[in-house]
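A structural walkthrough
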Amino acid sequence: MTTLLSIVPIAVAVAVLIAGRGTLVAALGGAGAALLCALVAAAAPGISLHFGQLAAAESLDLAVLAVEVLAILLFGMVLAQLLEAIGALQTISARIRSLLPDPVVGAGLIVFGVVPFVESVTGYGIGLTAGIPLLRRLGFSIRTSAFLGLLGLIAVPWGALGPGTAVAAQLTGLGLQELGVGSAWANALPVIIVCALTTAFTRAWQSLPGLLGLVAAAVCLWGGILTANMLIGTPLAGVLGSLLVIAVLLAGCLISRRSRPEPSPGRLAPALLPYAVLTVGLLLASGAAALWPSPVTALLSAPPVWLAIACAVAGRMLAARAPVAEVVGAAVRAWIPVGVATAGFMLLGWLMTDTGMTEVIGAGLARIGIGFAPALTALGSVLTGSNTGANAMFASTVGAMAATTGTGLLPAVAMSNVAGSFAALATPPRVALALSLAASTADDGSSAPPAGVQLAQMERSVLIWSLLTAFGTAALVGVVLQLL
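Residues numbered from 1 in each chain as written. Predicted model: local features only at pLDDT ≥ 70, side-chain atom pairs only at ≥ 80, totals over all residues. Heavy atoms only, no water.

Okay, the overall build of the chain next. A tally of helices and strands in the chain yields 22 helices and zero strands. Taken against the 2.2 N^0.38 rule, which gives 23 Å for 484 residues, the C-alpha radius of gyration of the chain at 22 Å falls within 12% of a compact globule. Reported as C-alpha extents along the three principal axes, the dimensions of the chain are approximately 80 × 45 × 40 Å. Counted over contacts in the chain with a minimum sequence separation of 6, partners at least 24 positions apart contribute 82%. (Helix = DSSP H or I, 4+ residues; strand = E, 2+ residues; numbered from the N terminus. Rg over C-alpha atoms; globule rule 2.2 N^0.38 Å. Contact = heavy atoms within 4.5 Å.)

Here it is, written out as structure tokens:
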């Protein structure tokens, strides 16, 4: 009876998602089911589920984290809307396109640099909007451009400054930087897989400079994220790692070019200003917090603070051209269902942890083996659409599985976090967005858009590729975890 009651909340959430009712209904339904099951357990004799298994301080920490995560989501979505309104992404994309020497190096720059950078700053698949149109203009087909753009979601553990990883750390008792470093090591497997798939889809073996550029991009992203996690901290690791890729490849392109780059519209410096304010400000504030620990420096080093400041800078830039209130209002309206769903999944995770449900599920799944844990979080990511939702649902369960099987907590959570985060590329809404972006961008300015039936067939094939990539990666990560 205890096991059955523990499974019900997750079963309700998964059933609602499969029925197509959306993450908001699933999160609230799962949280409601968890509360109801806990109340039933409290009234029934012989059932070990009961409230209060988390200390008050732990519950308070989770509440503070929930506020921080929701603020990151809000300001990240506002910043994305403001950057779109001022044309920052279009300007940056045009400048990068003017510097690309060949399609393979360009694909490496986009998959390992442009998409991860935008995703690390704003999250929620926004990186696709910057990368996929560039891939089309490099001459790749609609289907290939969409899939390569989805592969660019390789740094999702650090997407939107890392709220999903923060949730996993808090629910399992790990330090954020500790889990960030562990996730960076574990991310080597997805990076290798993405590099191999990008090589295959771009036929990079036909161009030695292109192949070398592609491998260099993969190595720079992995090494840059790992080094940034170790030296600076987790929130900025994805931003700095992807910036290293962009800097190295563009420097190589400029050195190898014999002619001047083609002129591109728009001034680059203003387009980069909000990103620069966010990155430099958070770096300086984090350094100050490390040197002079205090409540004030801790507050100033919080990612939501600098996301809000970056939004203010972008809003000031937009004010002369368009009504800022309308753009911000649209972003807030888009955030409400996302924020409520995220809060619901975090509440679900807290209820299941506080009542001991996650320990019961973990003990049951541990009989299969700890290697199943990455696939569990991958499934959660596909169903909820984010690594934050997946970790809120399953991080505590993974921790319980690690304890039951005697596996190290850090490798179990880190590898599950990486596998679940990478699986975000296979969520149907992101696949649909990728195909829509690719189909609406002509590779040479003259290609006719595909018919509806043809586009549906493309979407189905890209979804299959994405699901195979996501769960194949999770299976490989699980095998490695099982062998540890």
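Still to come is the rest of the account.
Here Arg 203, not a glycine, exhibits a phi torsion of approximately 55°, which is positive. Since its relative accessible area comes to 52%, Arg 203 is described here as exposed. (Buried < 20%, exposed > 50% of the residue type's maximum accessible area, 1.4 Å probe, protein only.)

For the rest of this paragraph, the subject is a nonpolar patch on the surface. Side chains of Leu 24, Val 25, Leu 28, Ile 336 and Val 340 sit close together on the surface and give an oily, nonpolar patch of about 370 Å² of accessible area. Of all the elements in the fold, those that place two or more residues in the nonpolar patch are α2 (22-43) and α16 (324-354). Among the elements that line the nonpolar patch, the one with the most residues is α2, at three residues. Mapped onto the elements, Val 340 comes out in helix α16. Accessibility expressed as a relative area gives 34% for Val 340, which makes it partly exposed. (Patch = residues over 30% accessible without salt bridge, like charges linked within 9 Å, V, L, I, M, F, W, Y side chains within 5 Å. Areas by Shrake-Rupley, 256 points an atom, 1.4 Å probe, with all protein chains shown as cover. Salt bridge = Lys/Arg side-chain N within 4 Å of Asp/Glu carboxyl O.)

Another point: helix α13 (residues 268-291). The end-to-end C-alpha distance of α13, which contains 24 residues, comes to 34 Å, matching closely the 34 Å that a straight helix rising 1.5 Å per residue would cover. Roughly 40° is the biggest bend found in α13, and it falls at Pro 274. Three or more residues of α13 are buried, namely Ala 271, Pro 274, Tyr 275, Leu 278, Thr 279, Gly 281, Leu 282, Ala 285 and Ala 289. (Expected span 1.5 Å × (residues − 1). Bend = angle between axes of the 7 residues up to and from the residue.)

Mapped onto the elements, Leu 272 comes out in helix α13. Sequence spacing of Leu 272 and Ala 314 is 42 residues, and the spatial spacing of their C-alpha atoms is 10.0 Å.

Looking at the secondary structure, you find Met 77 in helix α3 (residues 56-86). A relative accessible area of 16% means that Met 77 is categorised as buried. For the pair Met 77 and Ala 26, spaced 51 residues apart in sequence, the C-alpha to C-alpha distance is 22 Å.

A few words on the side chain of Ser 421. Relative to the assigned elements, Ser 421 resides in helix α20 (residues 409-422). Side chain to side chain, Ser 421 and Asn 387 meet in a polar contact 3.2 Å long. If near-sequence neighbours (up to four positions away) are discounted, Ser 421 is found in contact with Val 156, Pro 157 and Asn 387. (Polar contact = N/O pair within 3.5 Å; in protein donor to acceptor, adjacent residues only side chain to side chain.)

Moving on to helix α19 (residues 387-405). The largest bend along α19 reaches roughly 50° and is located at Phe 394. With respect to burial, α19 is a largely interior element, 16 of its 19 residues being buried. A positive backbone phi angle near 80° is found at Gly 406, which sits one or two residues after α19.

Turning next to the side chain of Thr 198. Structurally, the position occupied by Thr 198 is in helix α10 (residues 188-202). Look past the residues within four positions of Thr 198 in its chain and what remains in contact with it is Val 111, Leu 148, Leu 151 and Leu 214.

The subject of this paragraph is the packing of helix α8 (residues 163-172) against α19. Two elements in contact, α8 and α19, have axes separated by 8 Å at closest approach and are oriented at 10°. Considering their axes alone, α8 and α19 lie roughly parallel with respect to each other. Where α8 crosses over α19, the handedness of that crossing is right-handed. Here Pro 163, Gly 164, Thr 165, Val 167, Ala 168, Leu 171 and Thr 172 of α8 come into contact with α19, specifically with Asn 387, Thr 388, Asn 391, Ala 392, Ala 395 and Ser 396. (Axes fitted to C-alpha atoms, helices over the stretch in contact; angles between N-to-C directions. Parallel < 35°, antiparallel > 145°, perpendicular 65-115°, else oblique. Left-handed = near helix turned anticlockwise from the far one by under 90°.)

The subject of this paragraph is the nonpolar core. One recurring pattern in soluble globular proteins: nonpolar side chains tend to sit buried together. By size, the foremost hydrophobic cluster in this structure holds 95 residues, and its most contacted members are Leu 79, Leu 109, Phe 112 and Leu 150. Here this core takes 11 residues from helix α5 (residues 103-122), the largest share from any one element. (Core = buried A, V, L, I, M, F, W, Y, C linked by side-chain atoms within 4.5 Å.)

Secondary-structure assignment places Asp 102 in the loop between α4 (88-99) and α5. Between the C-alpha atoms of Asp 102 and Leu 70, which are 32 residues apart in sequence, the distance is 41 Å. Excluding residues within four positions of it along the chain, Asp 102 makes contact with Ser 207 and Gly 210.

Once that is clear, we can look at the packing of α19 against α20. Where α19 meets α20, the axes come as close as 10 Å, and the angle between the chain directions of the two elements is 150°. The orientation of α19 relative to α20 falls into the category roughly antiparallel. For α19 against α20, the interelement crossing comes out right-handed. Note on element contacts: α20 touches α19 through Leu 409, Ala 412, Val 413, Ser 416, Asn 417 and Ser 421, opposite Asn 387, Asn 391, Val 398, Gly 399 and Ala 402. Residues belonging to the contact of α19 with α20 are distributed by class as follows: five nonpolar, six polar and no charged. (Nonpolar A, V, L, I, M, F, W, Y, C, P; charged D, E, K, R; others polar.)

Inspection of the entire model under this criterion finds five aromatic pairs. Between Phe 147 and Phe 201, the ring centres sit 5.0 Å apart and the planes meet at 50°, which makes this aromatic pair tilted. Placement of the pair is Phe 147 in helix α7 (residues 142-151) and Phe 201 in helix α10, with a sequence separation of 54 residues. With a centroid separation of 5.2 Å and 65° between ring planes, the pair formed by Phe 201 and Trp 465 is classed as edge-to-face. Residue Phe 201 is found in helix α10, and its partner Trp 465 is found in helix α22 (residues 452-483); the two are separated by 264 residues along the sequence. The exposure class of Trp 465 is partly exposed, given its relative accessible area of 28%. (Phe/Tyr/Trp six-rings, centres within 6.5 Å; stacked < 30°, edge-to-face > 60°.)

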